[in-house]
Amino acid sequence: MYKILVTGGAGFIGANFVRHMLRHSDCTITVLDKLTYAGNKDSLSDLPANRVKLIVGDIADAPLVNRLISTHDTVVHFAAESHNDNSLRDPSAFVRTNVVGTFELLEAVRKHGVRFHHISTDEVYGDLELDDPQRFTETTPYQPSSPYSATKASSDLLVRAWVRSFGITATLSNCSNNYGPYQHVEKFIPRQITNVLCGAKPKLYGNGMNVRDWIHVNDHSSAVQRILDAGQPGRTYLIGADGEQNNLQVLQQILEIMGLPTDEFDWIGDRPGHDLRYAIDATPLREELGWNPEHGDFSAGLEHTIAWYSEHRQWWESSKILTENHYAQQQMIQG
Ligand code: NAD
Ligand code: TDX
């Protein structure tokens, strides 16, 4: 039986990936997750115990990581501090988990000769002008803007160096903005949906013109599975589904689906250093590996996501209060 260690498998994308792999393969999975504020064991609690096991622990814990990796065939590394706004408030956990944690995993896969797939983000490339005809490719120079994206860029560079210097068998992927079920309510789309469900107004940063390249989380999972099956060792694959939209457009669609006037939201102060636009060119993934997204209909995906949050209040209600308290403190600090 093929055994995969999924770090960060109790987080948004990790939990969806675990579900995807159970549906689309016969592997068994160990999830290693610290269960930070962003991890939720309820995202995995309905899964079969003979195929998924959760180990609560830290990827920066070298002896634990060493022991776990020695008994697995592949590591898929999602665990990270993942929220830009938090990285502006306190970057220290981002350095520890995203950089030091990745280093410990790399040392263990090097020792045990285990295949590694590193999950990263398009934010490592910085941002684009709204009218730039170029999109990010695997050769775009790194130019991260926030403490979060700088630590993700650092972790990517560590992986590349371990491939070149120590010959580990690793692939990397840099994906655009994901949406779907099980996403923490701090992130843009679930924050706005749950604000409406709580009777609060959605919050739009700046002028709402910032563009993100949205992809449904299940398409991210299928792309990672394709890279695990057919990716070339040492390669970086960019994952995206041609889903560019500005934040105002996304918010207006949410309001429309939820039956509210499209101006029923608050404009609030901008995020410091806010990246203007991300856009992915995923041609190599499509043409060389034959991957295609299946959830390209954004409004259908948004409708399902809204329905999921409406039906799973228990999953998000306690984090909602903490998250909005944090946002309120942050706004007071920024003034
Ligand atoms: P998330 O914050 O929802 O989940 C992160 C998970 O990692 C949580 O379960 C958390 O408990 C766990 N974790 C954090 N620190 C840990 C540690 N030290 N040891 C073990 N576990 C730890 O994040 P997400 O949105 O699911 O993102 C997953 C990965 O995908 C990240 O590497 C992120 O950079 C990358 N990514 C995210 C997006 C996106 O749109 N969300 C896009 C591209 C890439
Ligand atoms: O309340 C909000 N209002 C708002 O206008 C929030 C939370 C966000 N925004 C804006 C900021 C961004 O332009 O929405 C956009 C999306 O914001 P986030 O959900 O915070 O995502 P982003 O900063 O784009 O980063 C995401 O995509 C890349 C993930 O959080 C990262 O983990 C991933 O690497």
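What counts as what
Residues numbered from 1 in each chain as written. Chains lettered and ligands numbered in written order. Predicted model: local features only at pLDDT ≥ 70, side-chain atom pairs only at ≥ 80, totals over all residues. Helix = DSSP H or I, 4+ residues; strand = E, 2+ residues; numbered from the N terminus. Rg over C-alpha atoms; globule rule 2.2 N^0.38 Å. Buried ≥ 20, exposed ≤ 12 C-beta atoms within 10 Å, placed from the backbone. Contact = placed C-beta atoms within 7 Å. Pairing = 2+ DSSP bridges. Axes fitted to C-alpha atoms, helices over the stretch in contact; angles between N-to-C directions. Arc of directions from axis to C-beta. Right-handed = clockwise from strand over helix to strand, strands pointing away. UniProt positions renumbered as here; feature names shortened; annotations may be inferred. Core = buried A, V, L, I, M, F, W, Y, C linked by C-beta atoms within 7 Å. Near = placed C-beta within 6 Å. Nonpolar A, V, L, I, M, F, W, Y, C, P; charged D, E, K, R; others polar. Parallel < 35°, antiparallel > 145°, perpendicular 65-115°, else oblique. Left-handed = near helix turned anticlockwise from the far one by under 90°.

Once that is clear, we can look at the overall build of the protein. Across its full length, the protein carries 11 helices and 13 strands. In terms of overall dimensions, the protein is globule-like: its C-alpha atoms have a radius of gyration of 19 Å, near the 20 Å expected for 335 residues. A principal-axis box enclosing the C-alpha atoms of the protein has dimensions of 55 × 45 × 40 Å. Burial status across the protein gives 45% buried among its 335 residues. Counted over contacts in the protein with a minimum sequence separation of 6, partners at least 24 positions apart contribute 80%.

Looking now at the sheet that holds strand β2 (residues 28-33). Judged by pairing direction, the sheet is parallel, and its seven strands sit side by side in the order β3-β2-β1-β4-β5-β6-β11 without closing on themselves. Looking along the sheet, the strands with just one partner apiece sit at the ends: β3 (52-56) and β11 (236-239). Ignoring which end each strand starts from, the neighbouring axes of this sheet average 20 degrees apart. Inspection of the sheet shows strand β6 (residues 170-175) paired to β11 by four bridges, in the parallel sense. Each residue of the ladder has a partner; that of N174, found in β11, is L238. The sheet strands contacting helix α1 (residues 12-24) are β1 (3-7), β2, β3 and β4 (74-77), and the helix crosses β1 at an angle near 160 degrees. Sheet contacts for helix α7 (residues 217-230): β4, β5 (115-121), β6 and β11; angle to β6, the most-contacted strand, approximately 160 degrees.

Three or more residues of helix α2 (residues 62-69) are buried, namely V65, L68 and I69. When α2 is viewed along its axis, its buried side chains cluster within an angular range of 95 degrees and face the same direction. At its buried positions, α2 is contacted by β1, β2, β3, β4 and α4 (92-112).

Put simply, side chains in a regular strand alternate between the two faces of the sheet. As paired strands, β1 and β2 are joined by five bridges and run parallel to one another. Its bridge partner lying in β2, V6 is registered against V31. Considered for its hand, the β-α-β crossover made up of β1, α1 and β2 is right-handed. Pairing geometry for β2 and β3, over five bridges, is parallel. Bridge pairing in β3 places L32 opposite I55.

Another aspect to go through is unusual backbone geometry. A positive phi is found at Y182, a non-glycine position, where the angle reads about 70 degrees. The class of Y182 is buried, set by 24 C-beta atoms lying within 10 Å. The phi dihedral of D242 falls on the positive side, at around 55 degrees, and the residue is not glycine. By the secondary structure assignment, D242 is in the loop between β11 and β12 (244-246).

The next thing to look at is the UniProt feature "domain: NAD(P)-binding" (unreviewed entry) in the protein. As annotated in UniProt, the feature "domain: NAD(P)-binding" (unreviewed entry) corresponds to residues 5-295 in the numbering used here. Between the end C-alpha atoms of residues 5-295 the distance is 26 Å, and the span holds 38% helix and 18% strand.

Where a protein is soluble and globular, its nonpolar side chains tend to be buried together. One finds V6, V18, V31, V109 and I239 to be the most contacted residues of the largest nonpolar core, which totals 77 residues. Here the element with the most residues in this core is α1; it accounts for six residues. In this structure, V18 is in contact with V6, G9, I29, V31, L44, L47 and V52, ignoring residues within four places of it in sequence.

This part covers the site of ligand 2. Lining the immediate surroundings of ligand 2 are 16 residues, of which S82, T121, K187, F188 and Y205 lie closest. Looking at the shell around ligand 2, the elements with two or more residues in it are α6 (188-198) and β8 (203-205). For the shell around ligand 2, the leading source of residues is β8, giving three residues. Per-class residue counts for the shell around ligand 2 are three nonpolar, seven polar and six charged.

In this section: the site of ligand 1. Taken together, 32 residues lie around ligand 1, and G8, G11, A38, G39 and A80 are the ones closest in. Among the secondary structure elements, those contributing two or more residues to the shell around ligand 1 are α1, β2, α4 and β5. Of the residues that constitute the shell around ligand 1, the class distribution is 13 nonpolar, 14 polar and five charged.

Let us look at the packing of α1 against α7. Remark: α1 packs on α7, axes separated minimally by 9 Å, with the N-to-C direction vectors making an angle of 60 degrees. Relative to α7, α1 is oriented oblique. Judged by the twist between their axes, the crossing of α1 over α7 is right-handed. Contacts between α1 and α7 involve F12, I13, N16, F17, H20, M21 and H24 from the former and V217, N218, H220, S221, S222, V224 and Q225 from the latter.

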